Amino acid sequence: MSVIDEFEEARDDLEALLLEVLGSLLGADEVAPSWGDELGPGPVLESRLFIYDRADDSHTIVEIETPVMLGRVIAGRMMSIGDPSHEDLLDVVAELGNIIAGNVKSLIRHSCRLSLPTSTVTETGSQQGDHGVRVSAAVLGQVIQLTVRPALPEEPVSDVSWPGSYDDDVLETQS
C-alpha cells in the first residue's frame with residue numbers, strides 16, 4: 001500500500017479530526033463539513049509541519065490553510081482580543097497547525113517525530129494538494145483546508161525546526 005493510499009483510507013478520520021478540533025476551539029455550531037469547497041480568493045494563512053518517520057526515513061507534511069479574514073476571527077476568539085496583529089495571526093495559525101498535526105500524527109504516523117510549525121501568509125495557498133489528501137471544513141461560511149501528503153523530493157527538510165533533540169542510545173541508557 002502506498003503512502004497516498006494510506007492517507008486516502010484515513011480521509012474520513014482526517015475530516016472528523018478537523019471538524020472536532022475546530023468545533024472544540026470555536027464552537028461546534030459554527031463548524032460544518034465542506035465537501036470539495038476550495039479556499040476563496042485573497043490572502044491565505046498557512047501552517048506547515050513535518051512528521052518524520054525514522055523507520056522508513058520519510059517525511060509527511062501537514063498543512064492548514066485558511067483565508068486571512070477567517071484567521072482574524074479565529075485569532076480574536078482564541079486570544080480574546082478584538083484586533084489581532086499580523087504576528088497574532090501567524091501565531092494562531094501555527095498553533096492550530098500544531099494541534100491538528102499532533103492529532104494527525106497520532107492517527108496515521110504513531111511513533112514519529114513532529115516538527116515545530118511554520119506559518120506564512122500567501123496569496124494562493126499551497127498548490128501541493130494533488131500529491132496527498134485534502135479535506136476541508138466550513139467555518140462561518142468560509143473554508144479551512146487540511147492537507148496531508150508525503151514530502152516531495154524537491155522540498156528541503158534541512159530547514160525544518162525540530163523540538164529539542166533525542167538520541168535513542170541516550171534514551172535507552174536513561175531508562
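Quantities reported herein were computed from a predicted structural model and do not represent experimental measurements.

Peer 1: Teacher, can you tell me more about the overall build of the chain here?
Peer 2: Looking only at helices and strands, the chain has five helices and seven strands in total. For the chain, with 175 residues in total, the buried portion stands at 43%. When contacts within the chain are restricted to residue pairs at least 6 apart in sequence, those whose partners lie at least 24 apart make up 72%. Entry remark: accessible area of the chain is about 9100 Å², with carbon and sulfur atoms responsible for 50%.

Peer 1: What should I look at first to understand the pattern of salt bridges in this one?
Peer 2: A side chain with one charge may pair with a side chain of the opposite charge, provided their charged atoms come close. Counted by the stated rule, this structure contains eight salt bridges. Here E8 makes a salt bridge to R11, at a shortest N to O gap of 2.8 Å. Taking the relative accessible area as the measure of exposure, R11 reaches 28% and is therefore partly exposed. Three or more residues joined by partner-sharing salt bridges are found here, namely E46, R48, E63, R149 and E155.

Peer 1: Mind showing me how you'd approach the packing of aromatic side chains here?
Peer 2: For any two aromatic rings, the description comes down to two numbers: the centre-to-centre distance and the angle of the planes. Counted by the stated rule, this structure contains one aromatic pair. Both rings, one in Y52 and one in W162, keep their centres 6.4 Å apart while their planes meet at 65°; by these two values the pair is edge-to-face. Of the two residues, Y52 is situated in strand β2 (residues 44-53) and W162 in the loop between β7 (142-150) and α5 (168-174); the sequence distance between them amounts to 110 residues.

Rules of the game
Residues numbered from 1 in each chain as written. Predicted model: local features only at pLDDT ≥ 70, side-chain atom pairs only at ≥ 80, totals over all residues. Heavy atoms only, no water. Helix = DSSP H or I, 4+ residues; strand = E, 2+ residues; numbered from the N terminus. Buried < 20%, exposed > 50% of the residue type's maximum accessible area, 1.4 Å probe, protein only. Contact = heavy atoms within 4.5 Å. Areas by Shrake-Rupley, 256 points an atom, 1.4 Å probe, with all protein chains shown as cover. Salt bridge = Lys/Arg side-chain N within 4 Å of Asp/Glu carboxyl O. Phe/Tyr/Trp six-rings, centres within 6.5 Å; stacked < 30°, edge-to-face > 60°.

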